[in-house]
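# Reading the structure
For reference, the chains in residue letters:
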Amino acid sequence: MSEQHNAVLLTFPDAAGWRPAFEEAQHLPGLRVAAALERSTEGVLEVRDTFTRGAGVATVGSGLLGGMVGLLGGPIGVLLGFAAGAALGNAAEERYATEAGAALIVLSARVPDGGVLIVLELREASPGPADELAARHGATVERIDAHTFTEQVRAAEKKAEEQRAAEKEAAERPEGDGRAPDGA
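Residues numbered from 1 in each chain as written. Predicted model: local features only at pLDDT ≥ 70, side-chain atom pairs only at ≥ 80, totals over all residues. Heavy atoms only, no water.

Next up on the list: the overall build of the protein. Each helix and strand in the protein was counted, giving five helices and five strands. In the protein, the order of α-helices and β-strands from amino to carboxyl end is β-α-β-β-α-α-β-α-β-α. The buried share among the 184 residues of the protein stands at 30%. Considering only contacts within the protein whose residues lie at least 6 apart along the sequence, 73% involve residues at least 24 apart. (Helix = DSSP H or I, 4+ residues; strand = E, 2+ residues; numbered from the N terminus. Buried < 20%, exposed > 50% of the residue type's maximum accessible area, 1.4 Å probe, protein only. Contact = heavy atoms within 4.5 Å.)

In structure tokens:
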């Protein structure tokens, strides 16, 4: 079976029992990111925990590479090279974090009142390990192909941007100018 890149959603109907499943999920083969979203019975959503495998590696690795290149410029070159490399690596990690945040917003509607949704980004050779984890902890499992899910997130971001632009345009338009919104 070929490897599948999926967003795997583990839904817990109540807030009890998700923590051990979240801890176990961190050891699933192919895991990149895990996040736990909880919705109170009053409907308030909270990100309860997150985990990113290899967090900080891009920042440190880029910094070290920049420092080695900086060796050509002496001690100051090493310092400047490390700083520049670390900044570039950090920018890449920040971009990924921003994209992950948008993905969680899209998934937030799936969190049941009083329940928890654990979101896993996995490259799976087999669905077995995640399915077994869900069964052990009483969660339901849903898989969304990563490419399909990325397109859903991009569409939601585009819609939100269009709405912000329309709201900004409406706020900048003088009240009672007598013109129709399309300028006619």
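Next, the rest of the story.
The next subject is the sheet that holds strand 2 (residues 31-39). On the basis of which strands lie adjacent, the open sheet formed by five strands has the order 3-2-4-1-5 and antiparallel pairing. Sheet topology places strand 3 (45-52) and strand 5 (140-145) at the edges, where each strand pairs with a single neighbour. Direction aside, neighbouring strands of the sheet carry axes that sit 20° apart on average. As defined by bridge partners, strand 2 adjoins strand 3 across seven bridges and the pair is classed as antiparallel. Paired with Ala35 across the two strands is Thr50, which belongs to strand 3. Helix 1 (residues 18-25) rests against strand 1 (4-12), strand 2, strand 3 and strand 4 (116-124) of the sheet, and its axis sits at about 25° to strand 3. Across the sheet, helix 4 (residues 128-137) touches strand 1, strand 4 and strand 5, and the angle it forms with strand 1 is around 5°. (Pairing = 2+ DSSP bridges. Axes fitted to C-alpha atoms, helices over the stretch in contact; angles between N-to-C directions.)

Pairing of side chains with opposite charge becomes possible as their charged atoms draw close. Scanning all chains against the criterion turns up eight salt bridges. Between Arg143 and Glu124 there is a salt bridge, and its shortest N-O distance comes to 2.8 Å. In this pair, Arg143 is assigned in strand 5 and Glu124 in strand 4, connecting sequence segments 19 residues apart. The shortest N-O distance in the salt bridge between Arg143 and Asp131 comes to 2.9 Å. (Salt bridge = Lys/Arg side-chain N within 4 Å of Asp/Glu carboxyl O.)

Further remarks concern helix 4. Among all positions of helix 4, only Gly128, Ala130, Leu133 and Ala134 are buried. Contact partners of the buried residues in helix 4: strand 1, helix 1, strand 4 and strand 5. Positive phi shows up at Gly138, right after helix 4, with a value of about 75°.

For the rest of this paragraph, the subject is the pairing of strand 4. Across the nine residues of strand 4, seven count as buried, placing the element largely inside the fold. For strand 1 and strand 4, the ladder comprises nine bridges, and the chain directions are antiparallel. Pairing of Phe12 across the sheet is with Val116, part of strand 4. One ladder, built from seven bridges, connects strand 2 with strand 4; its direction is antiparallel. Looking at the pairing, Ala34 lines up with Leu120 of strand 4.

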